[in-house]
Amino acid sequence: MRALQWTGPETIAVNEIPVPDIGPNDLLIQVGAAGVCHSDLTLVNFPYQLRDDPLTLGHEIAGTIAAVGSEVSGREVGERGLVYLFWTCGVCRECVSGNENVCLAAGRVAMPPCPGLTIEGGMAEYVRIPANTFVPVGDLDFLQAAPVADAALTAYHAIRGAEEQLRPGGTALAIGIGGLGHVAVQILRAISGVRVVAVDVSQEKLDLATACGADLGILAGDGDGVAQQLLDLTGGRGVDAVFDFVGIDSTAKLAVESVAPNGAYRMVGIGGGTPPDINAGPAGGPGLPWGATVRKSLGGTRGDLHACVALAQAGKIHMEVERYDLTEGPEAFARLDKGQIRGRAVLVP
Ligand code: NAD
Ligand code: ZN
């Protein structure tokens, strides 16, 4: 089969590899679509050798069951679905409490095993998955379903964790209207009554935010007073929830400077930025106001994924998609690197 693989530092290629074998508790999925996440790009752009063998990329996977392991019950060849991206232990305290995204087996600072990032992924004609990570999607189009597995899931989890802040009359800020951000705007619209403000460095992305239901878009540039604009918009209080889908120094600074007292600042983007002025001094300075919380938000839970599938099936969230053949994967990665993808790039094997 063909597979898009990381083959070494800063290199990817479409290679011919064997169709994977499956174990007794696995499913073989014939991939219908696989989304291209900025995290894939971050992995590909690592300047060092991750491992000796090539790694098949792709953690946003939707497709059809092609084979069922001998010990699996309740699943059939031909069922359509998507794949929960964390292949967790399922039995630890966090997993059984519904916090699978922080599965104890992963250790304190690592991420649970994830196809395409630490195990063979879904940018291929077939992928092996543990049967318990399969989530049926009915007749949802695979191009729509694939980005639900991460872009929607991760946005939803961050937003759900700030439920208390998302009351009518409040304001939420989404920074970075790419694959995750454009779904976040729609989720905020679908599940809360807040005013939604979008910030991006590209006017096209702000236009997409507006099309997704944002009330206002603010173009970010260098030293342009975006934080002040947000304070002005909110009577000097700041925004009730900030969802940062970029995570570089400048967006972290914007988050700290614009979040309201008791507000929620959620770090989702993994750009390596450090928020300034988070310290234990008396508030009153430029830093984090009283009561505000900061969370590094990773993926989402199985419950969040089911909620996202339901939102997609009900048409309450819609992925803006650029479709590429699997063999055009390198081109999709290059366009993502240049910030040229509108919504999500999705590969079709
Ligand atoms: P993307 O490339 O599709 O979107 C990024 C967006 O940010 C683009 O619209 C870009 O124009 C905008 N942007 C870039 N610099 C900006 C700036 N300084 N200010 C405002 N906007 C800016 O990326 P994506 O796939 O949506 O992923 C977003 C981030 O989230 C990435 O860092 C990715 O690795 C990360 N991610 C994290 C998790 C998690 O579990 N925490 C999961 C998936 C993705
Ligand atoms: Zn991702």
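It should be noted that the structure appears before, not after, this text.
Cut-offs and rules
- Residues numbered from 1 in each chain as written.
- Chains lettered and ligands numbered in written order.
- Predicted model: local features only at pLDDT ≥ 70, side-chain atom pairs only at ≥ 80, totals over all residues.
- Heavy atoms only, no water.
- Near = heavy atom within 4 Å.
- Polar contact = N/O pair within 3.5 Å; in protein donor to acceptor, adjacent residues only side chain to side chain.
- Areas by Shrake-Rupley, 256 points an atom, 1.4 Å probe, with all protein chains shown as cover.
- Helix = DSSP H or I, 4+ residues; strand = E, 2+ residues; numbered from the N terminus.
- Nonpolar A, V, L, I, M, F, W, Y, C, P; charged D, E, K, R; others polar.
- Donors = N, O, S within 2.8 Å, 3.2 Å for Na, K, Ca; no water.
- Buried < 20%, exposed > 50% of the residue type's maximum accessible area, 1.4 Å probe, protein only.
- Pairing = 2+ DSSP bridges.
- Phe/Tyr/Trp six-rings, centres within 6.5 Å; stacked < 30°, edge-to-face > 60°.
- Lys NZ or Arg CZ within 6 Å of the ring centre and 35° of its normal.
- Expected span 1.5 Å × (residues − 1).
- Bend = angle between axes of the 7 residues up to and from the residue.
- Axes fitted to C-alpha atoms, helices over the stretch in contact; angles between N-to-C directions.
- Parallel < 35°, antiparallel > 145°, perpendicular 65-115°, else oblique.
- Left-handed = near helix turned anticlockwise from the far one by under 90°.
- Contact = heavy atoms within 4.5 Å.
- Right-handed = clockwise from strand over helix to strand, strands pointing away.

Asks: Mind showing me how you'd approach the site of ligand 1 here?
Replies: Within the structure, ligand 1 sits among 26 residues, and His 38, Asp 200, Ser 297, Gly 299 and Arg 344 are positioned closest to it. Taking His 38, its side chain carries an N or O atom lying 2.6 Å from an oxygen atom of ligand 1. For ligand 1, the accessible surface in isolation is 870 Å², of which the surrounding protein chains cover 88%. Every element with two or more residues in the shell around ligand 1 is listed here: α1 (38-44), α3 (142-160) and α4 (179-191). Looking at side-chain class alone, the shell around ligand 1 contains 12 nonpolar, 10 polar and four charged residues.

Asks: I tried to follow the coordination of the zinc ion (ligand 2) on my own but got confused; where do I start?
Replies: Geometry reference: four tetrahedral donors at a metal, ideal angle 109.5 degrees. Six octahedral donors, ideal angles 90 or 180 degrees. Distances from the zinc ion (ligand 2) to its protein donors, namely Cys 37 (SG), His 59 (NE2) and Asp 150 (OD), fall within the range 1.7 to 2.4 Å. Counting residues between consecutive donors of the zinc ion (ligand 2) along the chain gives the motif C-x21-H-x90-D. Here Asp 150 lies in helix α3 and Cys 37 lies in the loop between β3 (26-36) and α1, a separation of 113 residues in the sequence. For Cys 37, a relative accessible area of 4% puts it in the buried group.

Asks: How should the sheet that holds strand β4 (residues 55-56) be read in this particular structure?
Replies: Sheet strands line up and pair through hydrogen bonds in the backbone, either parallel or antiparallel. Read from one edge of the open sheet, three strands run β2-β1-β4, paired in antiparallel fashion. Because the sheet does not close on itself, it has two edges, and the strands there are β2 (11-16) and β4. Examined bridge by bridge, strand β1 (residues 2-8) and β4 share two bridges and lie antiparallel to one another. The residue of β4 that forms the bridge with Trp 6 is Leu 55.

Asks: Looking at this structure, I do not really get the packing of aromatic side chains. What am I missing?
Replies: What characterises a pair of aromatic rings is the spacing of the ring centres plus the angle enclosed by the ring planes. Taken as a whole, this structure holds two aromatic pairs when the rule is applied. Centre to centre, the rings of Phe 46 and Tyr 48 are 5.3 Å apart; their planes meet at 10 degrees, and the pair counts as stacked. The partly exposed category is assigned to Phe 46, whose relative accessible area is 29%. Owing to a relative accessible area of 47%, Tyr 48 belongs among the partly exposed residues under this scheme. With a centroid separation of 6.0 Å and 90 degrees between ring planes, the pair formed by Tyr 84 and Phe 86 is classed as edge-to-face. For Tyr 84, a relative accessible area of 1% gives the class buried. Looking at Arg 80, its charged tip hangs above the ring of Phe 142, at a distance of 4.0 Å from the centre.

Asks: Looking at this structure, how should I read α3?
Replies: Owing to its 3.6 residues per turn, the α-helix aligns residues three or four sequence positions apart on the same side. Compared with an ideal rise of 1.5 Å per residue, which puts 19 residues at 27 Å, α3 spans 25 Å between its outermost C-alpha atoms and is within 8% of the ideal. At Val 148, α3 shows its largest kink, close to 55 degrees. Burial within α3 is extensive, with 17 of its 19 residues counted as buried. Two to three positions downstream of the cap, the backbone nitrogen of Leu 143 sits 2.7 Å from a side-chain oxygen, assigning the N-cap of α3 to Asp 141.

Asks: Is there a simple way to think about the packing of helix α6 (residues 226-233) against helix α7 (residues 249-258) in this case?
Replies: How two helices sit against one another is set out by the angle between their axes and by the gap between those axes. Relative to each other, α6 and α7 sit at 25 degrees, their axes nearing to 9 Å. Here α6 is positioned roughly parallel relative to α7, judged by the angle of their axes. Crossing of α6 over α7 shows right-handed handedness. Between α6 and α7, the residues in contact are Val 226, Ala 227, Leu 230 and Leu 231 and Leu 254, Glu 257 and Ser 258, respectively. Class assignment for the residues of the contact of α6 with α7 results in five nonpolar, one polar and one charged.

Asks: Any chance you could explain unusual backbone geometry here in plain terms?
Replies: In most cases, non-glycine residues show a negative phi, while peptide bonds are predominantly trans. The residue Glu 10 is not glycine, and still its phi comes out positive at about 60 degrees. As for its position among the elements, Glu 10 is in the loop between β1 and β2. Even without a glycine there, the phi angle at Asp 277 is positive, about 60 degrees. As for its position among the elements, Asp 277 is in the loop between β13 (259-267) and β14 (293-296).

Asks: Explanation requested: the pairing of β13 in the structure shown.
Replies: Sheet faces and side chains relate simply in a regular strand, where the side chains alternate between the two faces. For β13, the buried fraction is high: seven of the nine residues fall into the buried class. Across five bridges, strand β12 (residues 239-244) lies against β13 in parallel orientation. Directly across from Phe 243, in β13, lies its bridge partner Arg 266. In this view, the connection linking β12 to its parallel neighbour β13 by way of α7 has right-handed handedness. Strand direction decides the pairing type here: β13 and β14, joined by four bridges, are parallel. When the sheet's bridge partners are listed, Ala 264 is paired in β14 with Thr 293.

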